[in-house]
Amino acid sequence: MFVESRTEPNEESNTPIQISNDEDEVYTELNKLKADDSLLEPLKEKLRNLKKENANVNINKEEVDKLVEDDHALRRLLVARTNKVEKAYKMAVETLRWRSELRPAKLRFADFPIAGSQGVWRFAGFAKNGWPVILVKAKLWDPFKYSIAEYVNMVAFFLEANEKRM
């Protein structure tokens, strides 16, 4: 397999980032990236300001508070956007809009009765590294029996529940 590979400097830190068309190699390089903790406070400040401007953006203030206090989640946002605060902030705003609309922490099985009753998604325990594992039995999945909204509720419920187990 031909793999094109080059190195480009990271705009924020001058640390080279490996660019490749080999998916495994790209995944490995991204997994090596660590959040720059010095960027946590600027990101938190932008989010606090968002809360003050909240009249225009239709975002739940409780969700903003929860995110501002969750350094782990903020680090994930920074890593996902290669430690670029503005891009991490935009991603956070979109996440907050979605969470404010859906409210995944308040979802219950009653919010996805048909999708939940199929038994497709189950908590399967913990991996050796302590992360929660979701077992998905695709052969049980019959998406024509319920709406997309119900499926979104179910996925959000399971992801939220398993994130709490971490």
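The structure under discussion appears in the preceding block.
It should be emphasised that the depicted structure is a prediction, and the values quoted were computed from it without experimental measurement. (Residues numbered from 1 in each chain as written. Predicted model: local features only at pLDDT ≥ 70, side-chain atom pairs only at ≥ 80, totals over all residues. Heavy atoms only, no water.)

**Student:** Could you give an account of unusual backbone geometry, naming the residues involved and the relevant values?
**Tutor:** Here the phi dihedral of Thr 82 falls at roughly 45 degrees; this positive angle occurs in a residue that is not glycine. Note that Thr 82 resides in the loop between α5 (71-80) and α6 (85-102). Positive phi values are uncommon outside glycine, yet Arg 103 reaches one of about 55 degrees. Residue position: Arg 103 is located in the loop between α6 and α7 (113-117). (Helix = DSSP H or I, 4+ residues; strand = E, 2+ residues; numbered from the N terminus.)

**Student:** An account of the nonpolar core is requested, with residue identities and associated values reported.
**Tutor:** One finds Leu 43, Leu 47, Leu 50, Leu 67, Leu 74, Leu 78 and Leu 96 to be the most contacted residues of the largest nonpolar core, which totals 19 residues. Formed by 12 residues, the second largest nonpolar core is a distinct cluster that contains Leu 107, Phe 112, Ala 115 and Val 155. (Core = buried A, V, L, I, M, F, W, Y, C linked by side-chain atoms within 4.5 Å. Buried < 20%, exposed > 50% of the residue type's maximum accessible area, 1.4 Å probe, protein only.)

**Student:** Explain the packing of α6 against helix α8 (residues 148-165) to me, and be specific about the residues and the numbers.
**Tutor:** Running from N to C, α6 and α8 point in directions that differ by 110 degrees, and their axes come no closer than 12 Å. Considering the angle they form, α6 stands roughly perpendicular to α8. Crossing geometry of α6 relative to α8 is assigned as left-handed. Taken together, the residues of α8 that come into contact with α6 (itself represented by Trp 98, Arg 99 and Leu 102) are Val 152, Asn 153, Ala 156 and Glu 160. (Axes fitted to C-alpha atoms, helices over the stretch in contact; angles between N-to-C directions. Parallel < 35°, antiparallel > 145°, perpendicular 65-115°, else oblique. Left-handed = near helix turned anticlockwise from the far one by under 90°. Contact = heavy atoms within 4.5 Å.)

**Student:** So, the packing of helix α2 (residues 40-52) against α5: which residues are in play, and what are the values?
**Tutor:** For the pair α2 and α5, interaxial distance at closest approach is 10 Å and the crossing angle is 100 degrees. Relative to α5, the element α2 lies roughly perpendicular. Side by side, α2 and α5 meet where Leu 40, Leu 43, Lys 44 and Leu 47 of the first sit next to Asp 71, Leu 74, Arg 75 and Leu 78 of the second. Among the residues making up the contact of α2 with α5, the classes are represented as five nonpolar, no polar and three charged. (Nonpolar A, V, L, I, M, F, W, Y, C, P; charged D, E, K, R; others polar.)

**Student:** A description of helix α4 (residues 61-68) should follow, citing residues and the corresponding values.
**Tutor:** Taken together, the buried positions of α4 are Glu 63, Val 64, Leu 67 and Val 68. For α4, the arc enclosing every buried residue in end-on projection is 130 degrees, short of the 170-degree limit, so these residues lie on one face. In the core, the buried residues of α4 are packed alongside α2, α5 and α6. Among the residues of α4, the N-terminal cap falls to Asn 60, whose side-chain oxygen and the backbone nitrogen of Glu 62 are separated by 2.7 Å. (Arc of directions from axis to C-beta. Polar contact = N/O pair within 3.5 Å; in protein donor to acceptor, adjacent residues only side chain to side chain.)

**Student:** Go over the pairing of strand β3 (residues 121-126) with me, naming the residues and quoting the values.
**Tutor:** Of the strand pairs in this sheet, β3 and strand β4 (residues 132-136) are connected by five bridges, and their pairing is antiparallel. Residue pairing for β4: Arg 122 is matched across the bridge by Leu 135. The hairpin formed by β3 and β4 contains five residues between the paired strands, and Gly 130 there has a positive phi angle of roughly 95 degrees. (Pairing = 2+ DSSP bridges.)

**Student:** A description of the packing of aromatic side chains should follow, citing residues and the corresponding values.
**Tutor:** Throughout the structure, instances matching the rule amount to nine aromatic pairs. On the numbers, 5.8 Å between centres and 45 degrees between planes, the contact of Trp 121 with Phe 158 is tilted. With Trp 121 in strand β3 and Phe 158 in helix α8, this pair connects stretches of sequence that are 37 residues apart. The exposure class of Phe 158 is buried, given its relative accessible area of 7%. An angle of 35 degrees between the planes, with centres 5.7 Å apart, marks the rings of Trp 141 and Tyr 151 as tilted. Residue Trp 141 is located in the loop between β4 and α8, and its partner Tyr 151 is located in helix α8; the two are separated by 10 residues in the primary sequence. Note on Tyr 151: relative accessible area 24%, which makes it partly exposed. A connected cluster of aromatic rings, assembled from ring pairs, spans Phe 109, Phe 112, Trp 121, Phe 157 and Phe 158. The ring of Tyr 89 has Lys 46 sitting right over it, with the charged end atom 4.7 Å from the ring centre. For Arg 165, the ring lying beneath its charged end belongs to Phe 123, and the centroid distance is 3.6 Å. (Phe/Tyr/Trp six-rings, centres within 6.5 Å; stacked < 30°, edge-to-face > 60°. Lys NZ or Arg CZ within 6 Å of the ring centre and 35° of its normal.)

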